[in-house]
Amino acid sequence: MRALMIHAMSVVWYLWLCCHLIYRHDVTDTMSVLKTLVILCWYVEHTDNSDRCLDSDACTVDSCDPVQGCIAPAKFCFDLNLCTNDLCDSGSGCHYEAIDRSDNNICTTDSCESSTGVWTYTDISGDCFDNNFCTDDFCDPVLSCN
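In this text the structure is predicted, and so the values were computed from the model without any measurement.

**Concerning the packing of aromatic side chains**
Turning to step 1, where the next piece is worked out: Counted under the stated rule, the structure contains 1 aromatic pair.
Turning to step 2, where the next piece is worked out: Ring centres of Phe-76 and Phe-78 lie 6.1 Å apart, and the angle between their planes is 50 degrees; this geometry places the pair in the tilted category.
Turning to step 3, where the next piece is worked out: Classification of Phe-76 as exposed rests on a relative accessible area of 72%.

Have a look at this one:
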């Protein structure tokens, strides 16, 4: 708590100094104002602000902007796999659910190319051959191999 108070007092002091230089000197000392702003920004950047802006939402990237204060833009959840739905849960963060584009045909193998999102359905009827040339082997979409 003491460190946070010291941090807040330092920021207030630098802001006061900026305002003092601007209003008391009619902005004639522009370099001093700029130097003070740079020092203020450096101080805010290099002081541990990690806990100050946490919003407990796993779907945001929490940070402190020297001008805007706490900001929390949405987290970018993308796993580079076009065969998944990329989702974010505020409690657990990013997760990726497989897209189901099954043709519901047991005589095909369904697969998706992750880099393009293109689905293919490969006929596996040839797998029904039972090595007996006296039988008629085929794949029935409901009953499977016969």
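**Quick look at the pairing of strand 4 (residues 93–98)**
Turning to step 1, where the next piece is worked out: Sheet topology places strand 3 (residues 84–89) next to strand 4; 6 bridges connect them, and they run antiparallel. In the sheet register, Leu-87 faces strand 4, and the bridge partner there is His-95.
Turning to step 2, where the next piece is worked out: If you look at the hairpin formed by strand 3 and strand 4, you'll find 3 residues sitting between the two strands.

**Some points on unusual backbone geometry**
Turning to step 1, where the next piece is worked out: At Ser-56, a position not held by glycine, the phi torsion is positive, near 60 degrees.
Turning to step 2, where the next piece is worked out: Structurally, Ser-56 can be placed in the loop between helix 2 (30–45) and strand 1 (63–65).
Turning to step 3, where the next piece is worked out: Of note, Leu-80 is a non-glycine position whose phi angle comes to about 65 degrees, a positive value.
Turning to step 4, where the next piece is worked out: With respect to the helices and strands, Leu-80 occurs in the loop between strand 2 (69–71) and strand 3.

**Some thoughts on the pairing of strand 6 (residues 119–123)**
Turning to step 1, where the next piece is worked out: Of the strand pairs in this sheet, strand 5 (residues 108–112) and strand 6 are connected by 5 bridges, and their pairing is antiparallel. Looking across to strand 6, one finds that Cys-112 is bridged to Trp-119.
Turning to step 2, where the next piece is worked out: Between strand 5 and strand 6, which pair antiparallel and follow one another directly, the connecting turn spans 6 residues, one of which, Gly-117, has a positive phi of 80 degrees.

**Let's talk about the state of the cysteines**
Turning to step 1, where the next piece is worked out: If you walk through the whole model with that rule in mind, you get 5 disulfides.
Turning to step 2, where the next piece is worked out: Put simply, Cys-59 and Cys-88 are joined by a disulfide, and their sulfur atoms are 2.0 Å apart. In this structure, the disulfide formed by Cys-59 and Cys-88 twists by about -110 degrees around the S-S bond and is classed as left-handed. With a gap of 29 residues between them, Cys-59 in the loop between helix 2 and strand 1 and Cys-88 in strand 3 connect regions that are remote in the sequence.
Turning to step 3, where the next piece is worked out: Overall, the relative accessible area of 14% leaves Cys-59 in the buried class.
Turning to step 4, where the next piece is worked out: The class for Cys-88 is partly exposed, based on a relative accessible area of 31%.
Turning to step 5, where the next piece is worked out: Residue Cys-64 stays outside any disulfide, its sulfur separated by 4.3 Å from that of Cys-53, the closest cysteine.

Basis of the calculations
Residues numbered from 1 in each chain as written. Predicted model: local features only at pLDDT ≥ 70, side-chain atom pairs only at ≥ 80, totals over all residues. Heavy atoms only, no water. Phe/Tyr/Trp six-rings, centres within 6.5 Å; stacked < 30°, edge-to-face > 60°. Buried < 20%, exposed > 50% of the residue type's maximum accessible area, 1.4 Å probe, protein only. Pairing = 2+ DSSP bridges. Helix = DSSP H or I, 4+ residues; strand = E, 2+ residues; numbered from the N terminus. Disulfide = S-S within 2.5 Å.

So far we have only geometry, and geometry alone does not tell us how the molecule works.
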